[in-house]
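# Close look at the chain arrangement
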Amino acid sequence: MSALAQKSWKELVLTEGHPMKRIYIEKVVVNIGVGEGGERLEKARALLEELTGQTPSVRKAKKSIKEWNVRRGEPIAVAVTLRRDKAVKFLARALEAVNNRVKSSSFDERGNVCFGIKEHIMLPGVKYDPAVGVWGMDVCVRLAKPGLRVQLRRRRRSEVGRGQTVTKQEAIEFFQKVLGVQVD
């Protein structure tokens, strides 16, 4: 187990001066897009539940695409949202699968980072099972600063200043300094 996976989510914080400017991992979303329902979707759901330890939710198609035989409302993917220590442990395994390297184009202007894993068997500790097959997945990490929840909550929602959003440069710095990831 890597040193990153042994740390608590509270320890993985980039602190720069003021306490309201510290950056932390808010959530990690893992998505497996299947493109069709049925048995393949169930296999992907079972695999994602085994890898993360949480029950995944089924995602439906937002629009019909005739060339791919996908109809609107048809279940086509499974996703799970991980927070706190579960998020850190899975992120450590996912980063190990991509050799602790992330492209700079994977970062957006709002502090989100997304990267893909081509085959789930690249994750450490996962063995190939012919009954399940091989699945690729998308891993999206959302970084946040304290107080950003005010903008996202349902009750008494309010605007926050631009200083509370995580910039692309801050996200890159967090991945390099705190997680020890090489950004290309």
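Scroll up to find the structure this text is about.
The sections below set out a description of the structure shown in this document. (Residues numbered from 1 in each chain as written. Predicted model: local features only at pLDDT ≥ 70, side-chain atom pairs only at ≥ 80, totals over all residues. Heavy atoms only, no water.)

## Quick notes on helix H2 (residues 39-52)
Applicable threshold: For the purposes of this entry, the term helix denotes a DSSP run of H or I that reaches at least four residues, the term strand denotes a run of E that reaches at least two, and both are numbered from the N terminus. Given a helix with a known number of residues, its expected span is that number minus one, times 1.5 Å. Burial here depends on accessible area, computed with a 1.4 Å probe over protein chains only, as a share of the maximum for the residue type. Under 20% is buried, over 50% is exposed, and the range in between is partly exposed. Directions pointing from the helix axis toward each C-beta atom define the arc.
Taking 1.5 Å per residue, 14 residues should reach 20 Å; H2 reaches 20 Å between its end C-alpha atoms and fits that length. Along H2, the positions that sit buried rather than exposed are Leu 41, Ala 44, Leu 47, Leu 48, Leu 51 and Thr 52. The buried residues of H2 all sit within an arc of 125° when viewed along its axis, so they share a single face. The outward face of H2, more than 90 degrees from its buried face, is lined by the exposed residues Glu 39 and Glu 50.

## Quick word on the packing of aromatic side chains
Under the convention used in this document: Whether two aromatic rings pair depends on their centres lying within 6.5 Å, for rings of Phe, Tyr and Trp, where Trp uses its six-membered ring; planes under 30 degrees apart make the pair stacked, over 60 edge-to-face, and the rest tilted.
Counting across every chain of the model gives 2 aromatic pairs. A ring pair is formed by Phe 107 and Phe 175, whose centres lie 5.5 Å apart and whose planes are at 85°; its orientation type is edge-to-face. Of the two residues, Phe 107 sits in the loop between strand S4 (101-102) and strand S5 (112-117) while Phe 175 sits in helix H5 (residues 168-177), which places them 68 residues apart along the sequence. Of the residues examined, Phe 107 reaches a relative accessible area of 5% and is grouped as buried. Judged by its relative accessible area of 0%, Phe 175 is buried. Ring geometry for Phe 174 and Phe 175: centres 6.2 Å apart, planes at 65°, overall edge-to-face. Ring-pair connections join several aromatic residues into one group, and the members of that group are Phe 107, Phe 174 and Phe 175.

## With respect to the sheet that holds strand S3 (residues 75-82)
Here is the rule we go by: Here, strands pair whenever DSSP counts at least two bridges between them. A fitted line through C-alpha atoms serves as each axis, taken over the contacting stretch for helices, and the angle formed by two N-to-C directions is quoted from 0 to 180°. Every residue pair with non-hydrogen atoms within 4.5 Å of one another is taken to be in contact.
Strand order in the open sheet made by the 5 strands is S2-S3-S1-S6-S5, with antiparallel pairing throughout. On the outer flanks of this sheet lie strand S2 (57-60) and S5, each paired with one strand and no other. Neighbour-to-neighbour, the strand axes of the sheet open up by a mean angle of 25°, direction not taken into account. The sheet contact formed by strand S1 (residues 24-33) and S3 spans 6 bridges and is antiparallel. Note that in S3 the partner of Val 30 across the bridge is Val 80. The sheet contacts of helix H3 (residues 84-97) involve S1, S3, S5 and strand S6 (137-144), and relative to S5 the element is tilted by about 55°. Against the sheet, H5 touches S1, S5 and S6, its axis set at about 105° to S6.

## Points about the pattern of salt bridges
Worth spelling out the cut-off: When a carboxyl oxygen of Asp or Glu is within 4 Å of a side-chain nitrogen of Lys or Arg, the pair counts as a salt bridge.
A full pass over the atoms with the stated rule returns 7 salt bridges. Put simply, Lys 43 and Glu 39 hold a salt bridge, and the shortest N to O gap is 3.5 Å. Separated by 4 residues within a single helix, Lys 43 and Glu 39 lie in helix H2, roughly one turn from each other. Under the relative-accessibility criterion, Glu 39 is labelled exposed at 58%. One salt-bridge network, held together by shared partners, links Glu 42, Arg 45 and Glu 49.

## Points about the nonpolar core
For clarity, the cut-off: By convention a nonpolar core is built from buried Ala, Val, Leu, Ile, Met, Phe, Trp, Tyr and Cys residues, the set being connected through side-chain atoms within 4.5 Å.
Counting 45 residues, the largest nonpolar core has Phe 175 and Leu 179 as its most contacted members. Looking at this core, the elements that each hand over two or more residues are S1, H2, S3, H3, S5, S6 and H5. Ranked by residue count, the leading element in this core is H3, at 7 residues.

## Section: the layout of surface pockets
Filter applied, for reference: Buriedness of a pocket was judged along seven lines, with at least five required to meet protein on both sides within 12 Å; pockets are open sets of points on a 1 Å grid over the protein atoms alone, cavities are sets where a 1.4 Å probe fits but cannot get out, and lining residues have an atom within 4 Å of a point. Grid points are joined across faces, edges and corners, and a volume is the space filled by probe spheres set on the points. Amino acids are sorted into nonpolar (Ala, Val, Leu, Ile, Met, Phe, Trp, Tyr, Cys and Pro), charged (Asp, Glu, Lys and Arg) and polar (every other residue, Gly among them).
Taken as a whole, the largest pocket holds about 490 Å³ of empty space. Residue assignment for the lining of the largest pocket shows that the elements contributing at least two residues are S1, S6 and helix H4 (149-152). Among the elements that make up the lining of the largest pocket, the one with the highest residue count is S1 (4 residues). Of the residues contributing to the lining of the largest pocket, the split by class is 8 nonpolar, 1 polar and 11 charged.

## What to know about the side chain of Gln 164
To keep things clear, this is the line we draw: Polar contact criterion, stated in full: a pair of N or O atoms within 3.5 Å, where within protein one must be able to donate a hydrogen and the other to accept it, and residues adjacent in sequence count only if both atoms are side-chain atoms.
Looking at where Gln 164 falls in the secondary structure, it is placed in the loop between H4 and H5. Gln 164 sits in the buried class, given a relative accessible area of 14%. Polar contacts involving the side chain of Gln 164 include one to the main-chain carbonyl oxygen of Met 20, which spans 3.4 Å. If we skip the residues at most four places from it in the chain, Gln 164 touches Met 20, Lys 21, Lys 145, Pro 146, Gly 147 and Leu 148.

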